[in-house]
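Residue-level structural notes
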Amino acid sequence: MQIHAGRMLAIATVFAIAAFCTGGGVTASAQYTYDNYYAPTPPQGPPLPGASSQFITVDTFITPEVYGRIDQAISDNNRCYLPAKFGAASCFRAEGVDDNDKCIWGCTKNGVLVPRPTSAAIITATKKRYSPWLFQTLYPDRPNDHVALVSYFVIYNLSQIWGCSGPVCFDYPFSRTVSQSIDLYISCDGWQTGTGGLAVTSVLAPAYMDPDHSVLEDTLFGILWNNVVPNYVDSRIRSALSTFGAGTKKKPLGTTDSNGVFQPMVCNRLGVTSFSDAPALESINFDYVRPPRFPPLALNQITVRVIQVRRLTVHDTWGSVIRYATENPQLEFYAGYSKLVLTPPPMLEGQIYFAPSTATLSVPVPPNTGQLVLIATMWELTHNIRDPMFAVFDKNTNFGSGIRALNTPKIWFELNPIFRKPLLMRANGYEVTVQITTPSLTTATF
C-alpha cells in the first residue's frame, strides 16, 4: 500500500508560502537559529521609527497573502480528490487565465507534466496568527539586526485517506493531524548605509505529524494486523514530510508603478505595534529619515586598529595541545558593520603576529543611546573551525577608548573520569589586541 497523503499536504503548504515569498531561495542558516555554543552578537539597529511613521497592517497586507495561498492549495487538493480516486486523467482549477494557470495534475504546467497522484486525502486547516514582535537575527560572528517577526501556526487534518497497492485501491478509515509553523521576518536590509529596503523572509518549518492514534485504530489494526497498517501509513507520511514542507525564501517588499517598475519600500527605521485585544490594528512600522548630505567628518569617527594577534597556550587535562600544534588562523574582525580580514602565517602556541598599520577600521560615533560592538572571529582554515567573541562599549566608557585585549575562545570536550560523560570545556585560544581611538567630541551622526 502506498499512502502519499502527507506528501500532498506538504506540497500544498510549500506552494502556499514559496509562492508568497518568490524571488530567490536562501538556505536556512544561523540567521534565525541559535548557535549551540556561542551567543548571538547584540543587535545594532535599525533604530525605532517615530510616532508618525509609515506602517503595514499585518492582517491587511501580510496575513491575506499567507492564508489565501494556503486556502487555494487546499481547495485545489480537495477539488481533485474524487477525480484522483475515480481515475480521471486530469484535474483543473475552475479559475484561471488559461489551462496552464488552471492545471493541478494530469496536465502540463509551465512546460512540465504534473503526474496524476496514486493516493489522496481530504485536507482541512485551522490557522492562528500571533502578535508581531521585535526579534533579532542570531549570528554569533557578525553584526545582527532587529527584525519584525510575525508567526503563524497551521494544523491540517487529513481524512478520507485513500491509496493503491498495485491494482488494489482502498480507503483507510482513520485520519491524521499534521502541524506546521510559519515565521515571517520583516527586515530593513542595508539600513546601516543610510538607505535600506524592506524585505520579508519566510521560514517554513518541517511539518510534524501527531503520533497519537485513536484507541479504535490501535485496537483494530494493532491487535488484528499486528500494527502493520497504522505504522505503514505513518512511515509513508513521515517520509514525505521529511522531504517536503520546509524551506526559506526571501523577497523585497514594495509596489509596482504604472510603468510596471518595482519600487522598493525604503527605510532606515523599523518597529512593531502589537495589541493583544485588538489584533486588527497590529502593524509593522518603518520610516526613512534622510541621512546627512555629506559623510561624517573625521572628528565624528571612531577608529579601531588591530595591533597584534597572539596564540595562547591551551592544553587539556592530560597536557595535550588543544586543536593542533601548528594552526593556520584567520581573523575576521568587525567594528560596527565595518569589516577586515587578516591571515597570519601558520602559528605555534605563544607566537605573536603583528598586524600591518593598514589593519584599521573607521566607524561613525554611535548615537548617545547606541553602542560600539566589536566582533572577533578566529578561523582555523585547514579544518574550517570557527571561534567568535564580541565586546560592547558605550558612551559611559568612551566607547572603549584605549588599548583593549579581546580573547577568542576554544571549546572542546573531555570525558568525565567519574561519570564517564563528556564535559564541555572552554578556554581563551587567541588574544587580539586592538587600539580604539575616539574623538574628543562624541556627537552622534546617525
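To start, this report covers the structure provided alongside it.

On a plain count of helices and strands, the protein comes out with 6 helices and 27 strands. The buried share of the protein, taken over its 446 residues, is 44%. Contacts in the protein between residues far apart in sequence, at least 24 positions, make up 69% of those at least 6 positions apart. When the accessible area of the protein is evaluated, it comes to approximately 22400 Å², of which 57% is carbon and sulfur surface.

Right, let's talk about a nonpolar patch on the surface for a bit. A grouping of Tyr-37, Phe-413 and Leu-424 is seen on the molecular surface, where their side chains present a nonpolar patch of about 300 Å² in accessible area. Tracing the backbone through its elements, the reader meets Leu-424 in strand β27 (residues 422-437).

Scanning the model with the defined rule gives 13 salt bridges in all. Among the salt bridges present, the one from Asp-35 reaches Arg-386, with a minimum N-O distance of 2.6 Å. With Asp-35 in the loop between α1 (5-20) and β1 (54-57) and Arg-386 in strand β25 (residues 385-393), this pair connects stretches of sequence that are 351 residues apart. Residue classification places Asp-35 among the partly exposed residues on the basis of a relative accessible area of 24%. By relative accessible area, which is 21% here, Arg-386 ends up partly exposed. Notably, a salt bridge pairs Lys-410 with Glu-327, separated by 2.9 Å at the nearest N-O pair. Taken together, the residues Lys-410 in strand β26 (residues 402-415) and Glu-327 in the loop between β19 (301-311) and β20 (329-335) connect sequence positions 83 residues apart.

With that out of the way, let us pick up unusual backbone geometry. Across the junction of Gly-45 and Pro-46, the peptide omega takes the value 0 degrees, indicating a cis bond. Position of Pro-46 among the secondary structure elements: in the loop between α1 and β1. A positive phi angle is found at Gln-160, which is not glycine, with a value near 50 degrees. When you line up the elements, Gln-160 lands in strand β8 (residues 146-165). Phi is positive for Phe-399, close to 55 degrees, though the residue is something other than glycine.

As a further point, take the sheet that holds β25. Sheets are built from strands paired through backbone hydrogen bonds, the pairs being either parallel or antiparallel. On the basis of which strands lie adjacent, the open sheet formed by 4 strands has the order β21-β20-β24-β25 and antiparallel pairing. Of all strands in the sheet, those with a lone pairing partner are β21 (338-342) and β25, marking the two edges. If you compare each strand with its neighbour and ignore which way they point, the axes differ by 15 degrees on average. Two strands pair when backbone bridges link them, and β20 and β21 are joined in this way by 5 bridges, in the antiparallel orientation. Pairing of Leu-331 across the sheet is with Leu-342, part of β21.

Counted according to the given criterion, the structure contains 3 disulfides. At a sulfur-sulfur separation of 2.1 Å, the disulfide partner of Cys-188 is Cys-267. Its S-S torsion of approximately 120 degrees makes the covalent link between Cys-188 and Cys-267 right-handed. Taken together, the positions of Cys-188 in strand β10 (residues 176-189) and Cys-267 in strand β16 (residues 266-267) put the pair 79 residues apart, joining distant regions of the chain. For Cys-188, a relative accessible area of 3% translates into the label buried.

Before going further, it helps to spend a moment on the sheet that holds strand β17 (residues 269-273). An order of β1-β18-β17 is seen for the 3 strands of this open sheet, with the pairing classed as antiparallel. The open sheet terminates on both sides in strands that have one partner only, identified here as β1 and β17. This sheet shows a mean twist of 25 degrees between the axes of neighbouring strands, independent of strand direction. With 5 bridges connecting them, β17 and strand β18 (residues 283-287) associate as antiparallel partners. Its bridge partner being in β18, Val-272 is matched across the sheet by Ile-284.

Formed by 35 residues in total, the largest nonpolar core has its most connected members in Tyr-152, Ile-186, Leu-198 and Ile-284. Broken down by secondary-structure element, the contributors of at least two residues to this core are α2 (58-79), β6 (119-129), β8, β10, β11 (196-204) and β18. No other element matches β8, which puts 7 residues into this core. Setting aside anything within four residues of it in sequence, one finds Leu-198 in contact with Ile-56, Ile-186, Ser-187, Cys-188, Pro-252, Leu-253, Met-265, Cys-267, Leu-270 and Phe-286. Ala-335, Leu-340, Val-363 and Ala-391 belong to the second largest nonpolar core, which has 29 residues in total.

What counts as what
- Every chain begins its residue count from 1, and numbering advances along the sequence as written.
- Side-chain atom pairs in this predicted model are given and counted only at pLDDT of 80 or more, local residue features only at pLDDT of at least 70, and totals for whole chains, interfaces and linings cover all residues.
- Side-chain calculation: all heavy atoms of the structure are included, whereas hydrogens and water are not.
- Where helices and strands are cited, they refer to DSSP runs of H or I of at least four residues and of E of at least two residues respectively, numbered from the N terminus.
- Type-normalised accessible area, obtained with a 1.4 Å probe on protein chains alone, sets the label of each residue: buried when under 20%, exposed when over 50%, and partly exposed for intermediate values.
- The contact criterion used is simple: two residues touch if any of their non-hydrogen atoms lie within 4.5 Å.
- With residues, only the protein chains shown are counted as cover, and all accessible areas are computed by Shrake-Rupley using a 1.4 Å probe.
- Nonpolar side chains (Val, Leu, Ile, Met, Phe, Trp, Tyr) are joined into patches within 5 Å and like charges within 9 Å, using only residues with over 30% relative accessible area and no salt bridge.
- By definition here, a salt bridge exists when the distance from a side-chain nitrogen of Lys or Arg to a carboxyl oxygen of Asp or Glu is within 4 Å.
- Pairing between two strands is assigned when DSSP locates at least 2 bridges connecting them.
- Note on geometry: axes are C-alpha line fits, over the in-contact stretch for helices, and angles between N-to-C directions span 0 to 180 degrees.
- In this description, the term disulfide denotes a pair of cysteine sulfurs within 2.5 Å.
- Only buried Ala, Val, Leu, Ile, Met, Phe, Trp, Tyr and Cys residues count toward a nonpolar core, and they belong to the same one when joined by side-chain atoms within 4.5 Å.

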